[in-house]
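# Working through the structure, step by step
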Amino acid sequence: MTQENPASTRKPRVLSGIQPTADSFHLGNYLGAVRNWVSLQETHECFYFIPDMHAITVAYDPKVLKQRTFIATAQLLALGVNLDESIIFPQSAVPEHAMLAWILNCQTGFGEASRMTQFKDKSSKQERTSVGLFTYPILQAADILLYQANAVPVGEDQRQHLELTRDLAIRMNNTYKRVFTVPEPHILKETATIKDLGDPERKMSKSNSTKNGLIELRDEPARIRKKIRSAVTDTGSEVTYDPENKPGVSNLLVIYSALADKSLQQLEADYAGKGYGDLKKDLGEVVADFCEPIAKSTQEYLSDQAELQRVLDSGAQRAREVASTTLARVYDRVGFFPPVSLPGDNKS
């Protein structure tokens with residue numbers, strides 16, 4: 001659907017991505033994002049992409065980047081993304097992303113781009129800050145608007161970027177007639193926010209967490225149990241959910257609740273009269289049991305990279321069918337000549 005054809009009966013479209021900047025997704029990625037992506041397949045037309053263009057805004061190794069793109073694809077499949085319901089593709093295989101990003105760059109005020117708080121945070125951690133890192137949110141806007149997405153699953157840390165996307169869509173619609181769907185944030189209040197095991201005051205993140213504070217989905221079971229045993233807890237011994245006064249124990253309870261499908265109140269009752277050691281021992285088993293089959297399935301997918309390449313090629317072709325239609329409309333509205341198709345360039 002585009003805004004020029006509101007009578008379309010397709011499902012609402014959702015788009016999201018996860019960067020290939022690590023050798024494994026971590027538990028926070030799954031509970032905060034991918035688990036919701038899987039459930040959205042029932043109600044939405046889903047486009048899930050690997051943002052390898054975003055990944056090069058910081059220092060990287062080209063060979064590692066390509067392998068991590070395969071890993072990310074394998075993990076999405078292992079976690080339940082269904083190719084009959086969703087499209088998985090690498091961002092770089094769809095050149096329309098970069099082509100639309102340039103037009104949006106020219107619609108974005110320097111002050112607008114300067115206000116993006118994630119740039120300030122990320123640039124402070126880099127020895128060399130690139131223009132690409134500065135314009136990252138504008139490429140992100142192009143990612144979303146190309147697919148006329150109705151909704152974008154975002155955490156609170158990405159809400160500012162989505163607001164920029166919405167502002168650019170409205171600006172373009174007002175200037176060049178209605179070319180874009182204005183996306184809405186898809187923020188689930190019940191989404192679990194997982195904290196670093198070693199510092200429960202900060203979010204579990206591949207960029208901010210220590211190695212032992214991060215539970216990776218490809219970790220060996222023994223390593224997972226060890227990380228849980230070493231997790232920071234709090235003063236006292238009572239197992240209660242109290243994020244302000246007991247952030248360490250509360251974080252463990254949130255993980256347990258999310259993976260075991262038990263309420264926090266039920267877990268508090270289960271561990272009444274027991275201590276932190278009991279909680280950690282049981283949680284270690286729960287997390288290890290959850291991750292082990294996912295790691296095994298991921299490895300099975302990785303053993304056939306030719307098939308993963310086929311998945312990505314097929315996804316990119318399907319993505320371009322949508323992206324090229326949007327870009328052609330935008331090019332016409334802004335006064336550009338249409339892109340020339342090269343021999344063998346099948347976008348339809």
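Residues numbered from 1 in each chain as written. Predicted model: local features only at pLDDT ≥ 70, side-chain atom pairs only at ≥ 80, totals over all residues. Heavy atoms only, no water.

The name an unreviewed UniProt entry assigns to the chain is Tryptophan--tRNA ligase, from the organism Natronoglycomyces albus. The annotation that UniProt attaches to the chain under Catalytic activity (unreviewed entry) is "tRNA(Trp) + L-tryptophan + ATP = L-tryptophyl-tRNA(Trp) + AMP + diphosphate + H(+)". Recorded under Function (unreviewed entry), the UniProt text for the chain is reproduced unchanged: "Catalyzes the attachment of tryptophan to tRNA(Trp)." (UniProt positions renumbered as here; feature names shortened; annotations may be inferred.)

### Considerations on the pattern of salt bridges
Counted under the stated rule, the structure contains 12 salt bridges. The residue Arg13 makes a salt bridge to Glu45 at a minimum N-O spacing of 3.3 Å. Taken together, the residues Arg13 in strand S1 (residues 13-17) and Glu45 in strand S2 (residues 45-50) connect sequence positions 32 residues apart. A salt bridge links Lys262 to Asp270; its shortest N-O distance comes to 3.4 Å. (Salt bridge = Lys/Arg side-chain N within 4 Å of Asp/Glu carboxyl O. Helix = DSSP H or I, 4+ residues; strand = E, 2+ residues; numbered from the N terminus.)

### Some points on the environment of Asp23
Structurally, the position occupied by Asp23 is in the loop between S1 and helix H1 (27-40). The sequence separation of Asp23 and Gln67 amounts to 44 residues, and the corresponding C-alpha distance is 8.5 Å. Once residues lying within four places of it in the same chain are set aside, the contact partners of Asp23 are Arg68, Ile71 and Arg218. A distance of 3.0 Å separates a polar atom in the side chain of Asp23 from a polar atom in the side chain of Arg68. (Contact = heavy atoms within 4.5 Å. Polar contact = N/O pair within 3.5 Å; in protein donor to acceptor, adjacent residues only side chain to side chain.)

### Focus: the pairing of S1
For S1, the tally of buried residues reaches 4 of 5 residues, placing the bulk of the element in the interior. Pairing analysis gives 5 bridges linking S1 to S2, with the strands arranged parallel. Paired with Ser16 across the strands is Tyr48, a residue of S2. Following the backbone out of S1, through H1 and into the adjacent parallel S2, one traces a crossover that is right-handed. (Buried < 20%, exposed > 50% of the residue type's maximum accessible area, 1.4 Å probe, protein only. Pairing = 2+ DSSP bridges. Right-handed = clockwise from strand over helix to strand, strands pointing away.)

### Details of the packing of helix H10 (residues 221-229) against helix H13 (residues 276-302)
Packing of H10 against H13 brings their axes to within 8 Å, and their N-to-C directions diverge by 145°. Regarding H10 and H13, the two cross each other, and that crossing is right-handed. Listed contacts from H13 to Pro221, Ile224, Arg225, Ile228 and Arg229 of H10 are Lys280, Leu283, Gly284, Glu285, Val287, Ala288, Cys291 and Glu292. Residues belonging to the contact of H10 with H13 are distributed by class as follows: 7 nonpolar, 1 polar and 5 charged. (Axes fitted to C-alpha atoms, helices over the stretch in contact; angles between N-to-C directions. Left-handed = near helix turned anticlockwise from the far one by under 90°. Nonpolar A, V, L, I, M, F, W, Y, C, P; charged D, E, K, R; others polar.)

### Quick look at unusual backbone geometry
The phi dihedral of Gln148 falls on the positive side, at around 50°, and the residue is not glycine. One can find Gln148 in the loop between helix H8 (136-146) and strand S4 (151-153). Phi is positive for Asp261, which is not a glycine, with a value near 55°. Checked against the element boundaries, Asp261 lands in the loop between helix H11 (247-260) and helix H12 (264-270).

### Describing the UniProt feature "binding site: L-tryptophan" (unreviewed entry) in the chain
When the UniProt feature table is mapped to this numbering, "binding site: L-tryptophan" (unreviewed entry) covers Asp143. Those residues within four positions of Asp143 in sequence are excluded, and the remaining contacts are Leu15, Phe49, His54, Gln91 and His97.

### Concerning empty space enclosed by the protein
Rolled over the atoms, a probe with the dimensions of a water molecule shows which regions are left empty. Under the counting rule described, the total for this entry stands at 2 cavities of 30 Å³ or more. Taken as a whole, the largest cavity spans an internal volume of roughly 70 Å³. No other element matches the 4 residues that helix H3 (residues 62-78) contributes to the lining of the largest cavity. Among the residues making up the lining of the largest cavity, the classes are represented as 6 nonpolar, 5 polar and 3 charged. (1 Å grid on protein atoms, 1.4 Å probe; cavity = no way out; pocket = protein on both sides within 12 Å on 5 of 7 lines; lining within 4 Å. Points joined across faces, edges and corners; volume = space filled by probe spheres on them.)

### Re the packing of aromatic side chains
All told, the structure shown has 8 aromatic pairs when counted by the stated rule. With a centroid separation of 5.4 Å and an interplanar angle of 40°, the aromatic rings of Phe110 and Phe134 are classed as tilted. Of this pair, Phe110 sits in helix H5 (residues 110-114) while Phe134 sits in helix H7 (residues 131-134), and the two are 24 residues apart along the sequence. Residue classification places Phe134 among the buried residues on the basis of a relative accessible area of 16%. With centroids separated by 6.1 Å and ring planes inclined at 65°, the aromatic side chains of Tyr256 and Tyr271 adopt a geometry described as edge-to-face. In this pair, Tyr256 sits in helix H11 while Tyr271 sits in the loop between H12 and H13, placing the two residues 15 residues apart along the sequence. Taken individually, Tyr256 and Tyr271 each receive the classification buried, so the pair is uniform in this respect. Among the aromatic side chains, those forming a connected cluster through ring pairs are Phe47, Phe49, Phe89 and Tyr147. (Phe/Tyr/Trp six-rings, centres within 6.5 Å; stacked < 30°, edge-to-face > 60°.)

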